[in-house]
Structure formats: structure tokens, C-alpha cells
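This is what each chain is made of:
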Amino acid sequence: MAEPILRVAGLRKSYGGLTVTDDVSLDLRPGEIHALIGPNGAGKSTLIGQICGSVMPDAGSVSFDGRDITRWNTAERARAGLGRTFQISTILPEFTALAHTMLAVQARQGTSFRFFRPTALDRSLRDPAMQALARVGLDGRAEIPAASLSHGERRRLEVALVLALGSKALVMDEPMAGMGSEGSRELTALLSQLRHETPILMVEHDMDAVFALADRISVLVYGRIVATGTPDEIRSDRLVREAYLGEASA
Amino acid sequence: MPERHAIPVRSLLASLAIVLFPLAYALLANLSGETFHVTLATRIAILGLAATGLNLALGLGGLVSLGHAAFFGIGGYVAGIVASHAMGGEPLPFGLPASAQMASVWALAMLAAGLFALVVGAISLRTSGVAFIMITLAFAQLVFYLAIAWPGYGGEDGMALILRNPFFGLATMRPMTFFLIAFGALLAGLAAFAIIKASRFGAALQAARQNPDRLAALGVRPDRIQLVAFVISGAITALAGALYADLNRFVSPSMLSWHMSGELIVLVVLGGVGRLAGPLAGATLYVLLEHFLGGVTERWQFFLGLALLLVVLMGRGGLMSLLAPKGAGHG
Ligand SMILES: Nc1ncnc2c1ncn2[C@@H]1O[C@H](COP(=O)(O)OP(=O)(O)OP(=O)(O)O)[C@@H](O)[C@H]1O
Ligand SMILES: [Mg+2]
């Protein structure tokens, strides 16, 4: 089996008396989509935050691409190739879709400290940015300010950003949240193609998307991983049905 | 489908009008021999430049600095101190040549303020919001009290410059000549702002203001970008401070006071935050109100406050948004 690109070991995090991450270990392997499911407040976003550097764990380690990144900041992790999308779309309201994606391209190139050449007509930013937008079907919306994009378009813009960044792995917090069924189907198709390029660790409540996409599923309840397995194994796991799927399908 | 490179004609024309106003005002005043009004135009240009410096940090970077008087005052004191040493023929500290040539005074002023901004920024950028405002204010107050307590350079009373510093062979004491020098510096400051705004750095800086988490998730540290912007911003404001000292032939701690910091913010907000010509528009209105209303009533600041209130209530766009409503992504 291929070496995992991302490995979380013995991670712990508490807020006061509340243990939000309780000895969590999991990994992400090349070519796979690994879904993380669990009830509201289980600690999924907090776990994502610790993987991506916005929340510091109390104990345990995170390693990525063979390096221990536990103490790295968000920007360092992103530069090492860990791409991220947020539970609530995190965009720059004044920037067009194209300006966002051009920013991702310059971030990938490491050229944010250039002061002179105007970006607007710069093909070395524009061309790769347009390619990334085309892959998510937003090339026709390139000049629209992000504040005027629909919810689903913002979701796709976030995917375009990680494509433009050339991330080696993707961590996505509820990519389907707030999408209509049409939008979810489109995004599901997009992510399904993407897995061979970039493995994806994905938090998701939409069970149709999870079972359509995931190669493996982990279930988080009260900060603990209670089960990890293939979609079939998870579907038939008694504990999981009681703790989570039973409620979800009710 | 919207046009790809729609040129914001109206915005360009409005900016051009605002930039050319002090020049036209000074030329007319000079023709009719009203040197006082040439000086008024010079004040507009210098305050516009100081606020353009602040606009880089505040408008593009979202950094509400209540400490820019420190940079303005450091620029002023550098000009004053260099002038007094040159006059007495004493060398400067660190063996720097006591050349009072404006160009070298400016370089020194921008260097000193830039270094100070590096220290202030490195500390204040660990915080944000009100804490950031307070730390920038605290640093500026520190310099203010230092200037008061230091008797060597005038202390509380400030110090007078006997002559304006020289600018190559030009007669800098002639009001129109000095106006043109200040106006040239203003144009350079505006050009720097426009070029930076359109650059990769400018894109990152504006992203840091709108959503630092997004920028960090792309692999760019927002605080580093903001720190560099803060240093450039402080240096530009210091250049204006050096010119201001030469204009008045006087520097005093009032250049360093928190009123001055507040005034610079007012100029930017009044004119239009983040807009190229906004601070200059604000400075123009400010200086004209001060002169023409100040002659009529001592309470002219009340009308300034009223104008400011209107701007804030009407959607924060400032004068520039009245002249040229902002399209997406245009300056
Ligand atoms: N900074 C914080 N301080 C205190 N408590 C926090 C903090 N962040 C999260 N929590 C708590 O930790 C728990 C887990 O939150 P988290 O957002 O990780 O859950 P989640 O699984 O992502 O939930 P959802 O499905 O609703 O997104 C919640 O009870 C939350 O209130
Ligand atoms: Mg969550």
C-alpha cells in the first residue's frame, strides 16, 4: 500500500473541560477520498483546523508529505501543498473570481513581494488562473466579483483556488453545505475526478455525496473516531448506525 | 458578459481633476501675486501626500493606524535637525554628512521613519482591531513625549529653520518653486500608490484586508504583507513630514500629536478609503474649509465633522464616490 500523504497521530484538544479531539489518529492515502462524518459538534471542524494549522493541538502530531508539520502555521502548510476549503465559504468579496485565482497562482509561484508589474494584463498569472476556472466551469464568470457569485459558484471557486495552488492534498470542510441537489451532483462529479490528482480528506453531512465519493469513511463522535472502514463496512457497523446513521436517516 | 478591461473613465477624470486642482490653484495665485494662496496649495499637496501614505496602510491594507503622526513628525524632525546641523557646520550622528540637500534629507527621513515603522508594525501586527489602534497610538505618544523632553531640539517649543533646505540650485524660498517641489513629491507618492495597488503585492495586501484567513490558506502570511505595507506607508508619510517642516520652517511636537494622526485618518475617510485620489480630495476639502470657513467662524471644525458624518452615513465612499462611483476592482 502506498505511504499516506497525510497522517494524524494521537491528536488531542480540549477547550476548558470539553474534550473536542480525543486521541484521534487517521490518514489520507494517495488517490483516495477519505470522508469524515459525525453529528453536529462532534469536533470535525476543530480537527480540520488542527490539520490545517488554524488550531494548535494539545498533544499528538500531524505529518504531511513525510514531514512533521504539527507546529507549522497555516501559510507554511499551504505552501507545502496542503490545500483547504472552509465550512463557510471564505472569499474576498471585492475580488473577481479571476482575481482570486490569479492570487492563488502568484501564491504558488511565491511572487507576492513584487511591487511593480501590474497583474491585470500579466499572462503568467492570467492563463493558469483561467485554466483552473475552466476546470470548475467558472471561466464564463471570471470577471464577476465574488460577492455577486451564487453560493454554489463560491464553492466551486474555492476548488479552483486549490487547483491553481497545485495542492498535493486537499482538506475540505463540508463542501456540499448549502448546495442544491443539482449543485451537489456537479461538485460530486468534479471531486470524483480530482481524487487521482489530489487525495481529499472531506468532512461532509450529505450522505449521498459521502457514499458516492468516499473510498474510506471515518466516524467521529464526541471527538473520538468510533469507526473507520469502507462505505460498506460503515453502513453495516452497528455502533455507527446507533450513534449516527440511525439519526441521519430518520 | 461584462467588458474585460472596462476603463474606468469617470474615475480617471475625477482623479485627474483632483490632482490638477492644487497645481491650477497655485499657478493662478502665483499669477495674481497672492503668495499666501500658493502656500495654501502647498499645504494641500503635502497633507495629501501624508494621507496618501496612510491610505496604503489603511485603505489597501485595512490597518487603522492612529500613530501616523509619528512618521509625519519623524520626517519633520529629521528635516529640522539636519538643517540645524548643516547651518552650524556640525556633522550628524553616525558620521552621516550634514548635507541639507532636500533629496538627502528625504532619504534620511524615509529611512528613519521606515525603520521605526518596522518596529511598530512588528509589534502591533500581532494584534488587530482596537488593540492595533491602541499600540500604534502608544508608540506615537512615546515619540511625542520624547520630543517634548529632549531640550536639544527645541523641546516643547519646537525649533525654527532659518532657511528652507536647498534643492539643487533652486530658490526654495520662493513659494511657487517650493510648491512645485512638493507637488512633484505628491505625484511620486500617488504613482507609488497606484503602482503598488495594481501589483502582485497590492493584490496580496488587499486580500489581507478582506480576509486574512483566505490569504494564509493560499500560503501567504498576511502579517508579513501588512508589515511591508506599513513600512512603505510610514516612509511616504515621513516624506510629507520633511516637506511640511520646510514649508513652515518650523517643527514642533504638534506634528507628532495624536490630533495629527486623527487628522490624517479624517483626510482619508473624507476623501475615500483606498481610492487613489481620495486622500488628496480629503486634504483639499480640509484645507479649503479651514481657510475659508475658519475666517468666518472659529467653529469650522463643526462643518468638517458634519461633512465627515455625511460621508460615513452615506456609505463610506468619501468624496471620490460622489465624483466617481466605484465599479468592481477600480481605483
Ligand atoms: N474556540 C473554541 N472555544 C470553545 N469551544 C469551542 C471552540 N471551537 C469549537 N468549540 C466547541 O467544540 C465542539 C466541536 O466544534 P466543531 O466546530 O469542531 O464541531 P463540528 O463537528 O465541526 O460541528 P458541525 O457539524 O456543526 O460543523 C463544539 O461543542 C464547539 O462549541
Ligand atoms: Mg464543522
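Just so it is clear, the model here is predicted, and its values are computed rather than measured.

J.: Can you tell me about the overall build of chain B, naming the residues and giving the values?
T.: The number of helices and strands found in chain B is 13 helices and two strands. With the C-alpha coordinates aligned to their principal axes, the bounding extent of chain B is approximately 65 × 50 × 40 Å. Per-residue burial over chain B gives 53% buried out of 331 residues. Taking contacts inside chain B between residues at least 6 apart in sequence as the whole, the part at least 24 apart equals 77%. For chain B, the exposed surface amounts to about 14,000 Å²; the carbon and sulfur share of it is 70%.

J.: Outline the coordination of the magnesium ion (ligand 2), supporting the account with residue identities and numerical values.
T.: Residues and elements named next belong to chain A. Protein-derived coordination of the magnesium ion (ligand 2) comes from Ser45 (OG) and Gln87 (OE1), at a distance range of 2.0 to 2.2 Å. A residue pair is termed long-range when its members are at least 10 positions apart, and Ser45 in helix α1 (residues 44-52) and Gln87 in the loop between β6 (82-85) and α3 (97-109) qualify at 42 residues. For Ser45, a relative accessible area of 31% corresponds to the partly exposed category.

J.: Go over the UniProt feature "transmembrane region" (unreviewed entry) in chain B, please, and point to the residues and values.
T.: According to UniProt, the feature "transmembrane region" (unreviewed entry) maps to residues 36-56, 63-83, 103-123, 130-153, 173-196, 227-245, 265-289 and 301-324 of chain B in the numbering used here. The span residues 36-56 of chain B is 100% helix and 0% strand, and its two end C-alpha atoms sit 31 Å from each other.

J.: Please provide a residue-by-residue account of helix α6 (residues 181-194) of chain A, values included.
T.: In an α-helix, one turn spans 3.6 residues, which is why side chains three or four residues apart end up on the same side. Taking 1.5 Å of rise per residue, the 14 residues of α6 of chain A would be expected to cover 20 Å, and the 20 Å separating its terminal C-alpha atoms lies within 8% of that figure. Buried residues belonging to α6 of chain A abut β3 (33-37), α4 (123-135), α5 (151-165), β7 (169-173), β8 (200-203) and α7 (207-213) of chain A.

J.: Explain the site of ligand 1 to me, using residue names and the numbers behind them.
T.: Residue and element names in this part refer to chain A. Neighbouring residues of ligand 1: 13 residues in total, closest Asn40, Gly41, Lys44, Ser45 and Thr46. Gly41 places a polar main-chain atom, nitrogen or oxygen, 2.9 Å from an oxygen atom of ligand 1. Here an oxygen atom of ligand 1 and a side-chain polar atom of Lys44 are 2.7 Å apart. For ligand 1, whose accessible area on its own is 640 Å², the fraction buried by protein is 60%. Mapped onto the shell around ligand 1, the elements with two or more residues apiece are β2 (18-28) and α1. Of the residues contributing to the shell around ligand 1, the split by class is four nonpolar, seven polar and two charged.

J.: Before we move on, could you go through the sheet that holds strand β9 (residues 216-221) of chain A and cite the residues and values that matter?
T.: Residues and elements named next belong to chain A. Ordered in space as β6-β7-β8-β3-β9-β10, the six strands form an open sheet in which the pairing is mixed. Each having just a single partner strand, β6 and β10 (224-229) make up the two edges of the open sheet. Strand after strand, the sheet turns through a mean of 15° between neighbouring axes, direction not considered. As defined by bridge partners, β6 adjoins β7 across four bridges and the pair is classed as parallel. Across the sheet, residue Leu82 finds its bridge partner in β7, namely Ala169.

J.: Help me get a handle on the sheet that holds strand β4 (residues 59-64) of chain A, residues and values and all.
T.: Residue and element names in this part refer to chain A. Here we have four strands laid out as an open sheet, ordered β2-β1-β4-β5, and antiparallel in their pairing. Each edge of the sheet is formed by a strand with only one pairing partner; in this case those strands are β2 and β5 (67-68). Pairing between β4 and β5: two bridges, direction antiparallel. Its bridge partner lying in β5, Phe64 is registered against Arg67. Docked against the sheet, α1 engages β1 (6-15), β2 and β4, running at close to 120° with respect to β1.

J.: Break down unusual backbone geometry for me, citing the residues and quoting the values.
T.: Even without being glycine, Asp65 of chain A reaches a positive phi, approximately 55°. Note that Asp65 of chain A resides in the loop between β4 and β5.

J.: Tell me about the interface of chain A and chain B, and name the residues and values.
T.: By a widely used convention, the size of an interface equals the accessible area lost when the partners come together. With 40 residues of chain A at the contact, the number on the chain B side is 31 residues. Here chain A and chain B share an interface that buries about 3,100 Å² over both sides, 62% of which is from carbon and sulfur atoms. Scanning the region where chain A abuts chain B turns up three salt bridges. Put simply, Arg200 of chain B and Asp122 of chain A hold a salt bridge, and the shortest N to O gap is 2.7 Å. Between chain A and chain B we count 14 residue pairs in polar contact (both at pLDDT 80 or more) in total.

J.: Go over the side chain of Thr21 of chain A, please, and point to the residues and values.
T.: Here Thr21 of chain A is to be found in strand β2. Discounting chain neighbours no more than four positions away, the residues touching Thr21 of chain A are Leu11, Arg12, Lys13, Thr46, Leu47, Gln50 and Gly223 of chain A.

J.: Describe in detail the pattern of salt bridges, supporting the description with residues and values.
T.: Tallied over the entire structure, the rule returns 22 salt bridges over all chains. We note a salt bridge from Glu158 of chain A to Arg214 of chain B, for which the minimum N-O separation is 2.6 Å. Remark: Arg214 of chain B occurs in helix α8 (residues 212-217) and Glu158 of chain A occurs in helix α5; the pair is interchain, linking two chains. Residue Glu182 of chain A pairs with Arg185 of chain A through a salt bridge whose shortest N-O separation is 3.3 Å. Pair noted here: Glu182 of chain A and Arg185 of chain A are both in helix α6, with a separation of three residues, about one helical turn. Looking at Arg185 of chain A, the relative accessible area reads 53%, which means it is exposed. Beyond isolated ion pairs, a larger network of salt bridges with shared partners links Asp27, Arg29, Glu32 and Arg216 of chain A.

J.: Would you mind going over the pairing of β3 of chain A in detail, with residue names and values included?
T.: Residues and elements named next belong to chain A. Burial analysis of β3 places five of its five residues in the buried class, the great majority of the element. Side chains Ile33, Ala35 and Ile37 of β3 all project onto a buried face; the interleaved residues His34 and Leu36 project onto the opposite face, where all are buried too. Sheet analysis places β3 next to β9, joined by four bridges and oriented parallel. The partner of Ala35 across the bridge, within β9, is Ile217.

J.: Before we move on, could you go through the environment of Gly152 of chain B and cite the residues and values that matter?
T.: With respect to the helices and strands, Gly152 of chain B occurs in the loop between α5 (129-149) and β1 (159-160). Expressed as a C-alpha distance, the spacing of Gly152 of chain B and Ile81 of chain B, which sit 71 residues apart in the sequence, is 9.7 Å.

J.: Before we move on, could you go through the packing of helix α2 (residues 35-60) of chain B against helix α6 (residues 175-198) of chain B and cite the residues and values that matter?
T.: Residues and elements named next belong to chain B. As a packed pair, α2 and α6 sit with axes 9 Å apart at the nearest point and diverge in direction by 20°. Taken together, the axes of α2 and α6 lie roughly parallel to each other. Between α2 and α6 the crossing geometry is left-handed.

Quick notes on the rules
Residues numbered from 1 in each chain as written. Chains lettered and ligands numbered in written order. Predicted model: local features only at pLDDT ≥ 70, side-chain atom pairs only at ≥ 80, totals over all residues. Heavy atoms only, no water. Helix = DSSP H or I, 4+ residues; strand = E, 2+ residues; numbered from the N terminus. Buried < 20%, exposed > 50% of the residue type's maximum accessible area, 1.4 Å probe, protein only. Contact = heavy atoms within 4.5 Å. Areas by Shrake-Rupley, 256 points an atom, 1.4 Å probe, with all protein chains shown as cover. Donors = N, O, S within 2.8 Å, 3.2 Å for Na, K, Ca; no water. UniProt positions renumbered as here; feature names shortened; annotations may be inferred. Expected span 1.5 Å × (residues − 1). Near = heavy atom within 4 Å. Polar contact = N/O pair within 3.5 Å; in protein donor to acceptor, adjacent residues only side chain to side chain. Nonpolar A, V, L, I, M, F, W, Y, C, P; charged D, E, K, R; others polar. Pairing = 2+ DSSP bridges. Axes fitted to C-alpha atoms, helices over the stretch in contact; angles between N-to-C directions. Buried area = accessible area lost by both parts, 1.4 Å probe. Salt bridge = Lys/Arg side-chain N within 4 Å of Asp/Glu carboxyl O. Parallel < 35°, antiparallel > 145°, perpendicular 65-115°, else oblique. Left-handed = near helix turned anticlockwise from the far one by under 90°.

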